Amino acid sequence: MAVERTFSIIKPDATRRNITGKIIDRIESAGLKVVASKRIHMSRAQAEEFYGVHRERGFFGELVDFMISGPVIVQVLEGDNAVAKYRDVMGATNPANAAPGTIRKDFAESIEANSVHGSDGPDTAATEIKFFFKDNEIVG
Ligand code: RTP
Ligand code: MG
């Protein structure tokens, strides 16, 4: 398996409830290493650009409002098969459909306030990492 990097956001519902450590524990326990991390409060413009692929979807406005409703933790995760592995650790978008033991099953509040974001493929991961991190902020 190839060592890969993926991009993660711990969303405002999780920073608000002070459960970021519990989420990072799930990430590390799965064998993924946090090689970059920062706490930020996204601007509206940043959130709109980051989720630009969803611009035409009915939930876009609410999604952007939610993502700027509080601080988030953006991270780069590294490990074997990191993109797919983190999607498994996260669980399904809607926590009602998420498998037992996943972050979203155990922590998410709703389909919108679903605690984490993870890149959906290696190309997206590279783009998303570049969106938030300079090369010298990532220490593998
Ligand atoms: P993410 O991008 O955050 O990792 O989540 P995902 O791939 O599992 O889901 P995606 O389809 O990319 O949707 C992005 C985020 O939009 C919110 N959403 N709301 N109200 C709705 O029907 C709805 N559908 C999606 C969620 O916060 C989802 O994570
Ligand atoms: Mg997505």
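Residues numbered from 1 in each chain as written. Chains lettered and ligands numbered in written order. Predicted model: local features only at pLDDT ≥ 70, side-chain atom pairs only at ≥ 80, totals over all residues. Heavy atoms only, no water.

- Per an unreviewed UniProt entry, the recorded name for the protein chain is Nucleoside diphosphate kinase, and the organism is Terrihabitans soli.
- What UniProt records for the protein chain under Subunit (unreviewed entry) is the sentence "Homotetramer." (UniProt positions renumbered as here; feature names shortened; annotations may be inferred.)

**Description of the layout of surface pockets**
One way to see where empty space is left: roll a probe the size of a water molecule over the atoms.
Thinking step 1. The volume enclosed by the largest pocket comes to roughly 600 Å³.
Thinking step 2. Those elements that place two or more of their residues in the lining of the largest pocket are α3 (44-50), α5 (82-90), β4 (116-118) and α7 (122-132).
Thinking step 3. Along the lines of polarity and charge, the residues of the lining of the largest pocket split into eight nonpolar, eight polar and eight charged. (1 Å grid on protein atoms, 1.4 Å probe; cavity = no way out; pocket = protein on both sides within 12 Å on 5 of 7 lines; lining within 4 Å. Points joined across faces, edges and corners; volume = space filled by probe spheres on them. Helix = DSSP H or I, 4+ residues; strand = E, 2+ residues; numbered from the N terminus. Nonpolar A, V, L, I, M, F, W, Y, C, P; charged D, E, K, R; others polar.)

**Thoughts on the sheet that holds β4**
Thinking step 1. Reading across from one edge, β2-β3-β1-β4 is the order of the four strands in this open sheet, with antiparallel pairing throughout. Of all strands in the sheet, those bounded by a partner on one side alone are β2 (33-40) and β4. Averaged over all neighbouring strand pairs, the angle between strand axes comes to 20°, with direction disregarded.
Thinking step 2. Relative to strand β3 (residues 72-80), β2 is paired through seven bridges, and the arrangement is antiparallel. Residue alanine 36 lies in a different strand from β3, and its bridge partner there is valine 76.
Thinking step 3. Along the sheet face, α7 touches β1 (3-10), β2, β3 and β4 and points at about 55° away from the line of β1. (Pairing = 2+ DSSP bridges. Axes fitted to C-alpha atoms, helices over the stretch in contact; angles between N-to-C directions. Contact = heavy atoms within 4.5 Å.)

**Considering the UniProt feature "binding site: ATP" (unreviewed entry) in the protein chain**
Thinking step 1. UniProt's entry tags Lys11, Phe59, Arg87, Thr93, Arg104 and Asn114 with the feature "binding site: ATP" (unreviewed entry), counted in the numbering of this structure. Taking the annotated residues in turn, Lys11, Phe59, Arg87, Thr93, Arg104 and Asn114 line the largest pocket.
Thinking step 2. Along the chain, threonine 93 turns up in the loop between α5 and α6 (103-107).
Thinking step 3. Once residues within four sequence positions are removed from consideration, threonine 93 is found in contact with Arg104, Ile111 and Asn114.
Thinking step 4. Relative to the elements of secondary structure, arginine 104 occurs in helix α6.
Thinking step 5. The class for arginine 104 is buried, based on a relative accessible area of 5%.
Thinking step 6. Aside from chain neighbours lying at most four places away, what touches arginine 104 is Lys11, Met90, Gly91, Ala92, Thr93, Pro95, Ala98, Asn114, Val116 and His117. (Buried < 20%, exposed > 50% of the residue type's maximum accessible area, 1.4 Å probe, protein only.)

**Points about unusual backbone geometry**
Thinking step 1. With phi around 60°, asparagine 18 is a residue other than glycine that occupies positive phi space.
Thinking step 2. Position of asparagine 18 relative to the elements: it lies in the loop between α1 (12-16) and α2 (20-29).
Thinking step 3. One non-glycine residue, serine 115, lies in the positive phi region at around 70°.
Thinking step 4. Its location among the elements puts serine 115 in the loop between α6 and β4.
Thinking step 5. Judged by its relative accessible area of 0%, serine 115 is buried.

**Topic: α7**
Thinking step 1. For α7, the complete set of buried residues consists of Ala125, Glu128, Ile129 and Phe132. Seen from one end, α7 has its buried residues packed into an arc of 100°, which puts them on one side. Of the exposed residues in α7, the ones pointing more than 90 degrees away from its buried face are Asp123, Thr127 and Lys130.
Thinking step 2. Lining the buried residues of α7 we find β1, β2, α3, β3, α5 and β4. (Arc of directions from axis to C-beta.)

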